[in-house]
Amino acid sequence: MATLSDVATMAGVSVSAVSRVLTGAADARVSDATRKRITDAARELDYRPNYAARALKFSRTNVVALVVPDLTNAIVSELMRGVEDEGYDKKYMVLLARAESELEEYALPRLIKEGRIDGALVQAADAMEPAELSEQIDSRLPVVYVNSNHPADGGYVDLEDELGTRIATRHLIGQGHKRIAFVGGLPSSVTGRRREQGFRDEMASARLPVDERFVTSLGYELVVGRAAVGPLLDADARPTAIVVANINAAFGVLLELRSRGVSVPHDVSVVAIHDAWTADNSWPPLTTVKMPRYELGRRAMAALYDRIHGGTVPRLVVSDPAPQLIIRESTVAPRP
């Protein structure tokens, strides 16, 4: 393996000059020609930094953890891609850890105690309360919370959840639907509360009543999406359309409606928050509101980088690009 000395010999400069150039040090006062000789030599020798040595010198590992509730979740992939791309640009590696009902013993707490990460991005499980998060995470570790529950003193990056559900609800209203149901997240979920508020605000803007029998708050999983359908169909006047606060629950809604002989979209239209490749492959293909989760990942990683290097992170809201309605075959105008 090539060393700094090998690069310095080939470039005809000192080892300290090579070190400053290749680490991007602000005090690397060398000419453009010398910088090019150094980088060309490093490339030709296939030089790779010794990160173990750098970690000892700078008390940093250049590694962060991304903690998500469920690795099998289809919408996690875009978030991960954004985090990894931004991490690559900032020369950080990303470790992936799972946290379901709680931050598990061998996930984030272990990484923190062993000093293997410089910081963490946490998308907490919906049932996890902010106080529990504070107890689980060492307050000295730079942490940014990603569109989820968070302690009051934590940095966090959010999506425009209210706007997402307003767009979904507006789409159904524009098709002529008036009896619209809402299948929401848990009451303990900050995103669930925001998305329900967006639904209620858009219904109020259209001067349409919200039938409380048509509002559920069971969570974002497929199984609870199925469970939410029963009460909606048992009502005297069934809804003609459903806004589902999460695409995973929406697949449960589609399955349960089909099992009960209810046609989508001819009997009931369905639209969901978030988009994934699975939306094109459901039956019928699912109308969604695509939220900018890739950009969320990039902004969250950039915010964590700032925290690691001594900056502060207020609440950031990713608004560019804006949530985008993707119309597929699960929504049509109601029957006369």
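Given the structure is predicted, the values throughout are model-derived calculations rather than measurements.

1. As for helix 3 (residues 32-44)
Then, number 1: Along its 13 residues, helix 3 runs 18 Å from first to last C-alpha, staying within 8% of the 18 Å computed at 1.5 Å per residue.
Then, number 2: The complete set of buried residues in helix 3 reads Thr34, Ile38, Ala41 and Ala42. Down the axis of helix 3, the smallest arc covering the buried residues is 100°, so these residues share one side. Relative to its buried face, helix 3 has exposed residues pointing more than 90 degrees away, namely Asp32, Ala33, Lys36, Arg43 and Glu44.
Then, number 3: Close packing links the buried residues of helix 3 with helix 1 (4-11) and helix 2 (15-22).
Then, number 4: Directly after helix 3, the chain includes Asp46, whose backbone phi takes a positive value near 55°.

2. A look at the sheet that holds strand 8 (residues 241-244)
Strand pairing in a sheet relies on backbone hydrogen bonds. The paired strands run either parallel or antiparallel.
Then, number 1: Taken in spatial order, the six strands line up as 7-6-8-9-10-12 in an open sheet, and their pairing is mixed. Looking at which strands have only one partner, the edges of the open sheet turn out to be strand 7 (215-217) and strand 12 (324-326). Averaged over all adjacent pairs, the angle separating strand axes in this sheet is 15°, with direction ignored.
Then, number 2: As paired strands, strand 6 (residues 180-184) and strand 8 are joined by four bridges and run parallel to one another. Along strand 8, the bridge assignment pairs Val183 with Val244.
Then, number 3: Where helix 8 (residues 161-174) meets the sheet, its contacts fall on strand 6, strand 8, strand 9 (269-273), strand 10 (287-290) and strand 12, and the angle it forms with strand 9 comes to roughly 165°.
Then, number 4: The strands touched by helix 9 (residues 190-205) within the sheet are strand 6, strand 7, strand 8 and strand 9, with strand 6 carrying the most contacts at an inclination of about 165°.

3. Topic: unusual backbone geometry
Then, number 1: With an omega dihedral of 15°, the bond running from Val264 to Pro265 counts as a cis peptide bond.
Then, number 2: With respect to the secondary-structure elements, Pro265 resides in the loop between helix 11 (247-259) and strand 9.
Then, number 3: For the bond from Asp320 to Pro321, the omega torsion is 5°, close enough to zero to count as cis.
Then, number 4: In this fold, Pro321 is placed in the loop between strand 11 (315-318) and strand 12.
Then, number 5: At Asp46, a position not held by glycine, the phi torsion is positive, near 55°.
Then, number 6: On the secondary structure map, Asp46 appears in the loop between helix 3 and helix 4 (51-58).
Then, number 7: Residue classification places Asp46 among the partly exposed residues on the basis of a relative accessible area of 46%.
Then, number 8: The phi dihedral of Lys91 falls on the positive side, at around 60°, and the residue is not glycine.
Then, number 9: Position of Lys91 relative to the elements: it lies in the loop between helix 5 (76-89) and strand 2 (93-98).

4. A closer look at the packing of aromatic side chains
Then, number 1: Taken as a whole, this structure holds two aromatic pairs when the rule is applied.
Then, number 2: The interplanar angle of 20° and the centroid separation of 5.1 Å between the aromatic rings of Phe182 and Phe199 together place this pair among those described as stacked. Of this pair, Phe182 sits in strand 6 while Phe199 sits in helix 9, and the two are 17 residues apart along the sequence. Grouping residues by exposure puts Phe182 and Phe199 together as buried.
Then, number 3: The residue whose ring lies beneath Lys90 is Tyr305, and the NZ or CZ to ring-centre distance is 5.4 Å.

5. What to know about the environment of Arg179
Then, number 1: Locating Arg179 in the fold gives a position in the loop between helix 8 and strand 6.
Then, number 2: Here the alpha-carbon distance between Arg179 and Thr240, two residues 61 residues apart in the chain, equals 5.7 Å.

6. Topic: the nonpolar core
Then, number 1: Grouped together as the largest cluster of nonpolar side chains are 37 residues, with contacts concentrated most on Leu121 and Val243.
Then, number 2: Ranked by the residues each element gives to this core, the list is headed by helix 13 (residues 293-308), at six residues.
Then, number 3: Setting aside anything within four residues of it in sequence, one finds Val243 in contact with Ala168, Thr169, Leu172, Ile180, Ala181, Phe182, Val183, Phe199 and Val271.
Then, number 4: Ala181, Leu232, Val270 and Ala272 belong to the second largest nonpolar core, which has 26 residues in total.

7. Things to note about the sheet that holds strand 2
Then, number 1: The six strands are arranged 2-1-3-4-5-11 in an open sheet whose pairing can be described as parallel. The sheet terminates laterally at strand 2 and strand 11, the two strands that pair on one side only. For this sheet the average axis-to-axis angle between neighbouring strands, irrespective of direction, equals 20°.
Then, number 2: Here four bridges tie strand 5 (residues 155-159) to strand 11, and the two strands are oriented parallel to one another. Each bridged residue has a counterpart across the sheet, and for Leu159 the counterpart in strand 11 is Val318.
Then, number 3: Each of strand 1 (63-68), strand 2, strand 3 (119-122) and strand 4 (143-146) is contacted by helix 5, which is oriented at about 165° to strand 1, the strand it contacts most.

Definitions and cut-offs
Residues numbered from 1 in each chain as written. Predicted model: local features only at pLDDT ≥ 70, side-chain atom pairs only at ≥ 80, totals over all residues. Heavy atoms only, no water. Helix = DSSP H or I, 4+ residues; strand = E, 2+ residues; numbered from the N terminus. Expected span 1.5 Å × (residues − 1). Buried < 20%, exposed > 50% of the residue type's maximum accessible area, 1.4 Å probe, protein only. Arc of directions from axis to C-beta. Contact = heavy atoms within 4.5 Å. Pairing = 2+ DSSP bridges. Axes fitted to C-alpha atoms, helices over the stretch in contact; angles between N-to-C directions. Phe/Tyr/Trp six-rings, centres within 6.5 Å; stacked < 30°, edge-to-face > 60°. Lys NZ or Arg CZ within 6 Å of the ring centre and 35° of its normal. Core = buried A, V, L, I, M, F, W, Y, C linked by side-chain atoms within 4.5 Å.

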